[in-house]
Amino acid sequence: MDDSTPTRGGRPAMHPASLLLRKILVLNDTVEYRMRLHLKTNETDFQAMQHLLQAGPTTPSELAAQLHLTTAAVTSVIDRLVRAGHVRRLPHPSDRRRIVVEPTESSVQEAMAQLMPMILATDALVRGMDDAGQHAVTTYLDGVVVSMQERIDAMASAAEGTPT
């Protein structure tokens, strides 16, 4: 930060885009809370569902690693999601001793029915911009992703005691 950066209460004054991004992150927490209520899941089970919706069929050990849980804990998560009708266990395609877990079609449809209006509205906003506007939005959001990933990596390295 250089000396020309305005401050507010000893902290740098944030650009309106940064303030809006923060608001989006907070609203995302609220959307996730409402989705958990709608799907009747707890936070951990919902995180598992999110991962499965994005990654597709996953082994329990891969899911445990993604959620930073033990395999025993993720087994309980999967059991609850199976009972609720959100996921199913299937034989692994190449190793008959293993299984994969995937979301049920009804659960995917239920989640998408709740999320698609928001997804389509935000997609229409960016598609309604000219090429320069779309490029600016994409460039900004790509920078946000890079910045967030760098911070995650730095915090993980610090926790593990390894230099970044």
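Reading the values: rules and limits
- Residues numbered from 1 in each chain as written.
- Predicted model: local features only at pLDDT ≥ 70, side-chain atom pairs only at ≥ 80, totals over all residues.
- Heavy atoms only, no water.
- Helix = DSSP H or I, 4+ residues; strand = E, 2+ residues; numbered from the N terminus.
- Axes fitted to C-alpha atoms, helices over the stretch in contact; angles between N-to-C directions.
- Parallel < 35°, antiparallel > 145°, perpendicular 65-115°, else oblique.
- Contact = heavy atoms within 4.5 Å.
- Nonpolar A, V, L, I, M, F, W, Y, C, P; charged D, E, K, R; others polar.

Chemist: Honestly, unusual backbone geometry in this entry has me stumped. Any pointers?
Modeler: Peptide bonds are trans in most cases, and residues, glycine excluded, mostly fall at negative phi. Non-glycine residue Lys-40 carries a positive phi angle of around 60 degrees. Residue placement: Lys-40 occurs in the loop between helix 1 (16-39) and helix 2 (43-55). Here His-68, not a glycine, exhibits a phi torsion of approximately 60 degrees, which is positive. On the secondary structure map, His-68 appears in the loop between helix 3 (60-67) and helix 4 (71-83).

Chemist: In this structure, what is going on with the packing of helix 2 against helix 4? I would like to understand it.
Modeler: The packing of two helices is summarised by the inter-axis angle and the distance between the axes. Two elements in contact, helix 2 and helix 4, have axes whose closest approach is 10 Å; the angle formed by their N-to-C orientations is 80 degrees. The angle between helix 2 and helix 4 falls in the class roughly perpendicular. The segment helix 2 lies against helix 4, with Thr-44, Asp-45, Ala-48 and Met-49 engaging Val-77, Arg-80 and Leu-81. Classifying every residue of the contact of helix 2 with helix 4 gives 4 nonpolar, 1 polar and 2 charged.

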